[in-house]
Amino acid sequence: MRPVDERLEAEVQRTGQALAESFPSPARHPMRAFDQRAMQLASEDEQLRAALFRFVDVTPACRSLDDLASHLSEYLAHMPDRAPSIERALKVADTAPGRKALGAASAAGVKHMAHRFIVGETPRDAAPTLAALWRDGIASSTDLLGEATVTPAEADRYADRCREALESMTELSADWPDRPHLERDTSGAIPRVNLSVKVTALTPLMRPRAPEIGREDAAERLRPLLRRARDLDAHLHVDMESLDSLETTTELILQLLAEPELADGPSAGIVLQAYLRDSPEQLERLLEWAGAHPRARPLVVRLVKGAYWDHEVVEARQHGWSPPVFEDKAECDRNFEALTRRLLDARPLVRVKVGSHNLRSVAHAIAYNRLTGGDDADLELQVLRGLGDDLAEALRAHELRVRSYCPVGDLVAGMAYLVRRLLENTSNDSFLRAHAHGTPVEELLAAP
């Protein structure tokens, strides 16, 4: 175990306390506080949480308000020890007018929650939100929702959507005001337009047993997107998904960025998932590649905890394998901090983006960067829209560069994303849940 650095720990505590004091008051965002309270109640009742998640998942398939109400009442009816409010909802569903009213209310609730996390159906729909964030001193990364295509036509449509998003966002962002701390670090200019893409949406041929087929098929769609991003001076970031596609995704992006025509651009990046036990080895591979392939714009590495923990654990247990992810939160948090330090030490070989809502993890990154002589401009903090909004405001208040990851797409395409975000928010070991329950800042900042 790494010896405790007393100077670093003191700086983490000081930084974390300062950030906590800058969180906005719930009175400034009453609807956000209301949503947080609703999710808090769901997190405290496992049966209610399961019923609500099933309902959210089935909502896009429902064809009428009556259908919606029937599904909701069916899920709630299976709950033992139902609260009085749930009993009243079930009684309302006994009549046709009641079902219609319940269906309308539940549809509005799901739509409201979806819009908390998903900023619009298209980049143009999302433009006002992205522009408002920029004016407030917060950058954004647009994620076009859509996972695991099954036909070449679907993959082509996703690639077309990505190209159109790059073009429309470049046009729309041209009139945004100058924000020097969002647009430059010591390595040079940072593009205003930032688009995240998924390799599994760029090919229907992603197969663990034949990775080269999916890789080459996805390359035929990703290469033109990289060229277009270069021509538009936009950033293209390749997201990581489940472990099944990790090796193929890594090989693909490194293969393409090594091609001579892309050496001068665009700005491009990859994701490192700290919940994977072999993430330190993956990072060393990325750093070795970056050292062997110098680029005009350094490779961007976005460090995150990882969003597919349940999938990886369930799949591993089904096959009798040892899970590839840390099953203890403290282990994962310690690994996250170690990876943060390694990344910050590797600059300017790479640009570092730290994505977390955990106050301790964020404070640690800021503190280590400062103690080792790093410029605040050379560290970017990233949050998810709808989950990390309060943290983003606190970081902005301290003039740190922060970027909000903003999904764009319709409710059907975004349902898997929405359920993952709700699970993250209501998880028993979630920082967000602990913060909402009023856990003292000292406990939230305790070393893992």
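Notes on the structure follow. (Residues numbered from 1 in each chain as written. Predicted model: local features only at pLDDT ≥ 70, side-chain atom pairs only at ≥ 80, totals over all residues. Heavy atoms only, no water.)

Topic: the pairing of strand E6 (residues 267-273)
Counting buried positions along E6 yields seven of seven residues, so the element is predominantly enclosed. The alternating pattern of E6 places Ser267, Gly269, Val271 and Gln273 and Ala268, Ile270 and Leu272 on opposite faces, both of which are buried. As judged from the four bridges shared by strand E5 (residues 235-238) and E6, these two strands associate in the parallel manner. Its bridge partner being in E6, Leu236 is matched across the sheet by Ala268. Each parallel crossover has a hand, and the one from E5 via helix H11 (residues 246-257) to E6 is right-handed. As judged from the five bridges shared by E6 and strand E7 (residues 299-304), these two strands associate in the parallel manner. Looking at E7, one finds that Leu272 is bridged to Leu303. In the classification by handedness, the crossover that spans E6, the intervening helix H12 (residues 279-292) and the parallel E7 is right-handed. (Buried < 20%, exposed > 50% of the residue type's maximum accessible area, 1.4 Å probe, protein only. Helix = DSSP H or I, 4+ residues; strand = E, 2+ residues; numbered from the N terminus. Pairing = 2+ DSSP bridges. Right-handed = clockwise from strand over helix to strand, strands pointing away.)

Side note on the packing of helix H14 (residues 329-346) against helix H15 (residues 359-371)
Look at H14 against H15: their axes get within 10 Å of each other, and the N-to-C directions meet at 30 degrees. Considering the angle they form, H14 stands roughly parallel to H15. Handedness of the crossing formed by H14 with H15: right-handed. Seen from H14, the contacting residues are Phe336, Glu337, Thr340, Arg341, Leu344 and Asp345; seen from H15, they are Arg360, Ser361, His364, Ala365, Tyr368 and Asn369. Among the residues making up the contact of H14 with H15, the classes are represented as four nonpolar, four polar and four charged. (Axes fitted to C-alpha atoms, helices over the stretch in contact; angles between N-to-C directions. Parallel < 35°, antiparallel > 145°, perpendicular 65-115°, else oblique. Left-handed = near helix turned anticlockwise from the far one by under 90°. Contact = heavy atoms within 4.5 Å. Nonpolar A, V, L, I, M, F, W, Y, C, P; charged D, E, K, R; others polar.)

Some words on the pattern of salt bridges
What the rule picks out here adds up to 31 salt bridges. The salt bridge involving Lys353 is made with Glu380; its shortest N-O contact spans 3.3 Å. Of this pair, Lys353 sits in strand E8 (residues 350-355) while Glu380 sits in strand E9 (residues 379-384); the two residues are 27 residues apart in sequence, bridging distant segments of the chain. Considered together, Lys353 and Glu380 belong to a single accessibility category, that of buried residues. Notably, a salt bridge pairs Glu380 with Arg403, separated by 2.7 Å at the nearest N-O pair. Of the two residues, Glu380 is situated in strand E9 and Arg403 in strand E10 (residues 401-408); the sequence distance between them amounts to 23 residues. When salt bridges with common partners are traced through the structure, they connect Asp160, Arg163, Glu164, Glu167 and Arg228 into a single cluster. (Salt bridge = Lys/Arg side-chain N within 4 Å of Asp/Glu carboxyl O.)

Observations concerning the nonpolar core
Ranked by size, the top nonpolar core spans 93 residues in total, and within it Leu195, Leu222, Val350 and Leu395 carry the most contacts. In this view, Leu395 contacts Leu19, Val362, Ile366, Leu381, Leu400 and Val402; residues no more than four positions away in its chain are not counted. Of all hydrophobic cores here, the second largest spans seven residues; its members include Ile118, Leu145, Leu384 and Tyr405. (Core = buried A, V, L, I, M, F, W, Y, C linked by side-chain atoms within 4.5 Å.)

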